[in-house]
Amino acid sequence: MPCSRLANFDYRRERQIRVAKIPLTRLRDRQNPLEWFNAVEFKIRYHMYKETAIFITDLISQDLSYRVPRGVYIPPVIQFLTVLRFYATGNFQTDNADLHQMSQPTISNLVKRVSKAIAKLRGRLIHFPSFQEADKVQREFYKIAGFPGVIGSIDCTHIHIISPGGDDAELFRNRKGRFSVNVQATCDASLCFTNVVARWYGSAHDSRIFENSLLFDDLQNGRSPGLLVGDGGYPLLPFLLTPFEPPRTPSE
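Definitions and cut-offs
Residues numbered from 1 in each chain as written. Predicted model: local features only at pLDDT ≥ 70, side-chain atom pairs only at ≥ 80, totals over all residues. Heavy atoms only, no water. Helix = DSSP H or I, 4+ residues; strand = E, 2+ residues; numbered from the N terminus. Expected span 1.5 Å × (residues − 1). Buried < 20%, exposed > 50% of the residue type's maximum accessible area, 1.4 Å probe, protein only. Arc of directions from axis to C-beta. Contact = heavy atoms within 4.5 Å. Axes fitted to C-alpha atoms, helices over the stretch in contact; angles between N-to-C directions. Parallel < 35°, antiparallel > 145°, perpendicular 65-115°, else oblique. Left-handed = near helix turned anticlockwise from the far one by under 90°. Nonpolar A, V, L, I, M, F, W, Y, C, P; charged D, E, K, R; others polar. Pairing = 2+ DSSP bridges. Core = buried A, V, L, I, M, F, W, Y, C linked by side-chain atoms within 4.5 Å. Phe/Tyr/Trp six-rings, centres within 6.5 Å; stacked < 30°, edge-to-face > 60°. Lys NZ or Arg CZ within 6 Å of the ring centre and 35° of its normal.

Visitor: Could you give me a rundown of helix H9 (residues 131-145), with the residues and numbers involved?
Guide: The end-to-end C-alpha distance of H9, which contains 15 residues, comes to 22 Å, matching closely the 21 Å that a straight helix rising 1.5 Å per residue would cover. Here H9 has its buried residues at Ala134, Val137, Gln138 and Phe141. Relative to the axis of H9, the buried residues are bounded by an arc of 105 degrees and lie together on one face. Facing away from the buried side of H9, by more than 90 degrees, are the exposed residues Gln132, Lys136 and Lys143. Looking at the buried positions of H9, the neighbouring elements they touch are strand S1 (150-160) and strand S2 (180-187). Once H9 ends, the next one or two residues include Gly146, with phi positive near 65 degrees.

Visitor: Any details on the packing of helix H5 (residues 76-89) against helix H6 (residues 93-100)? Residues and values, ideally.
Guide: Contact pair H5 / H6: the axes reach a minimum separation of 10 Å and the direction vectors enclose 135 degrees. Considering the angle they form, H5 stands oblique to H6. In this structure, H5 meets H6 at a crossing whose hand is right-handed. Judged by residue contacts, Thr82, Arg85, Phe86 and Thr89 of H5 engage Gln93, Asn96, Leu99 and His100 from H6. By residue class, the composition of the contact of H5 with H6 is 2 nonpolar, 5 polar and 1 charged.

Visitor: Explain the pairing of S1 residue by residue, including any values.
Guide: Relative to strand S4 (residues 227-229), S1 runs parallel, the two sharing 3 bridges. Note on S4: the bridge partner recorded for Val150 is Leu227.

Visitor: Tell me about the nonpolar core, and please be specific about residues and values.
Guide: Phe42, Ala53, Ile60, Phe80 and Leu81 are the most contacted members of the largest nonpolar core, which has 26 residues in total. For this core, the secondary structure elements donating two or more residues are helix H3 (39-46), helix H4 (50-60), H5 and helix H7 (104-119). Per-element accounting of this core gives the leading share, 7 residues, to H5. Residues in contact with Ile60, not counting those within four places in the same chain, are Phe80, Val114, Ala117, Ile118 and Leu121. Core analysis: the second largest hydrophobic core is formed by 21 residues, Val150, Ile151, Tyr201 and Phe216 among them.

Visitor: Provide a residue-level description of the environment of Phe210, including the pertinent values.
Guide: Locating Phe210 in the fold gives a position in helix H10 (residues 206-211). Between the C-alpha atom of Phe210 and that of Val197, which follows or precedes it by 13 residues, the distance is 8.7 Å. Discounting residues that sit within four places of it in the chain, Phe210 has contacts with Ile154, Gln184, Leu215, Phe216, Leu219, Leu228, Tyr234, Leu237, Phe239 and Leu240.

Visitor: So what's going on with the packing of aromatic side chains? Which residues, and what values?
Guide: Scanning the entire structure with this criterion turns up 8 aromatic pairs. Measuring from ring centre to ring centre gives 5.2 Å for Phe210 and Phe216, while their planes differ by 85 degrees; the resulting arrangement is edge-to-face. Here Phe210 matches Phe216 in class, with each residue buried. An aromatic cluster of at least three residues, connected via ring pairs, comprises Phe210, Phe216, Tyr234 and Phe239. Directly above the aromatic system of Tyr49 lies the positively charged group of Lys43, at a separation of 5.1 Å from the ring centroid. Between the NZ or CZ atom of Arg85 and the centre of the ring of Tyr46, over which it lies, the distance is 5.3 Å.

Visitor: Pulling in residues and values, what's your account of the pairing of S2?
Guide: Of all 8 residues making up S2, 8 are buried, and the element is well covered by its neighbours. Residues of S2 alternate between two faces, with Ser180, Asn182, Gln184 and Thr186 on one and Val181, Val183, Ala185 and Cys187 on the opposite face, all of them buried. Pairing analysis gives 8 bridges linking S1 to S2, with the strands arranged antiparallel. Bridge pairing links His158 to Asn182 in S2. Here S2 pairs with strand S3 (residues 193-201) via 6 bridges, running antiparallel. Following the sheet pairing, Val181 is matched in S3 by Tyr201. Two successive antiparallel strands, S2 and S3, enclose a turn made up of 5 residues, where Leu191 displays a positive phi of approximately 65 degrees.

Visitor: Please give an account of the sheet that holds strand S5 (residues 240-241) that cites residues and values.
Guide: An order of S3-S2-S1-S4-S5 is seen for the 5 strands of this open sheet, with the pairing classed as mixed. Both edges of this open sheet fall to S3 and S5, since each of them pairs with a single strand only.

Visitor: Any chance you could break down unusual backbone geometry for me, citing the residues and the numbers?
Guide: In this structure, Pro246 follows Glu245 across a cis peptide bond, with omega equal to -15 degrees. When you line up the elements, Pro246 lands in the segment after S5. Even without glycine at this site, His47 takes up a positive phi of about 55 degrees. With respect to the element layout, His47 can be found in the loop between H3 and H4. Look at His47 and you get exposed, because its relative accessible area is 52%. One non-glycine residue with positive phi stands out, namely Leu191, at about 65 degrees. With respect to the secondary-structure elements, Leu191 resides in the loop between S2 and S3. The exposure class of Leu191 is exposed, given its relative accessible area of 68%.

Quick look at the structure:
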């Protein structure tokens, strides 16, 4: 009996030593790019200031606090920065996987998870000025160029995508021959987004997107205040002003 107990103790002790030698599958904060890169290096690699990255991470950290399915624990800040690098560079997921020492499926899960967490903030961060807020926004625009009554600036930009395939794939091919989603956005004088429409295919014209948006309906029926300024791709309307072509005086 004593020999059996001693042998059992030796076995358990050896097992504890072996387990202790197994490396922990946990990403450590020393791999945090916020700490590794200085401000300039970080901006070049991630196309974002450190302060902004920290701000966004704080907003979405609760949604990123649980484990990736069938994966290791990854701190929320590492999840966001990994996906931010993917956004900033447009590289293949395998390249980001090699860079961050993760698998490609993990990168794919992180892109979906972080994108959903950011999209959930849209109601909190994207808000078109109300009648009570309009006066302040119009004053800020007036400071830029002495232009009165402006509540926002509007334009569209093409977000390139891979061909979605199917019968409607060619609808996403824009005038430059690339597949894209044509995204409409308005911003205030501080360059903060106040309205976004991200559901139109690349071949849709800017004016068509605007005329079929809720923002157009609100401005046309007086439910939203002020004037928008846009480029020559939009029609001249009582609530949307476009440039003179060509301008002949300083005021024009």
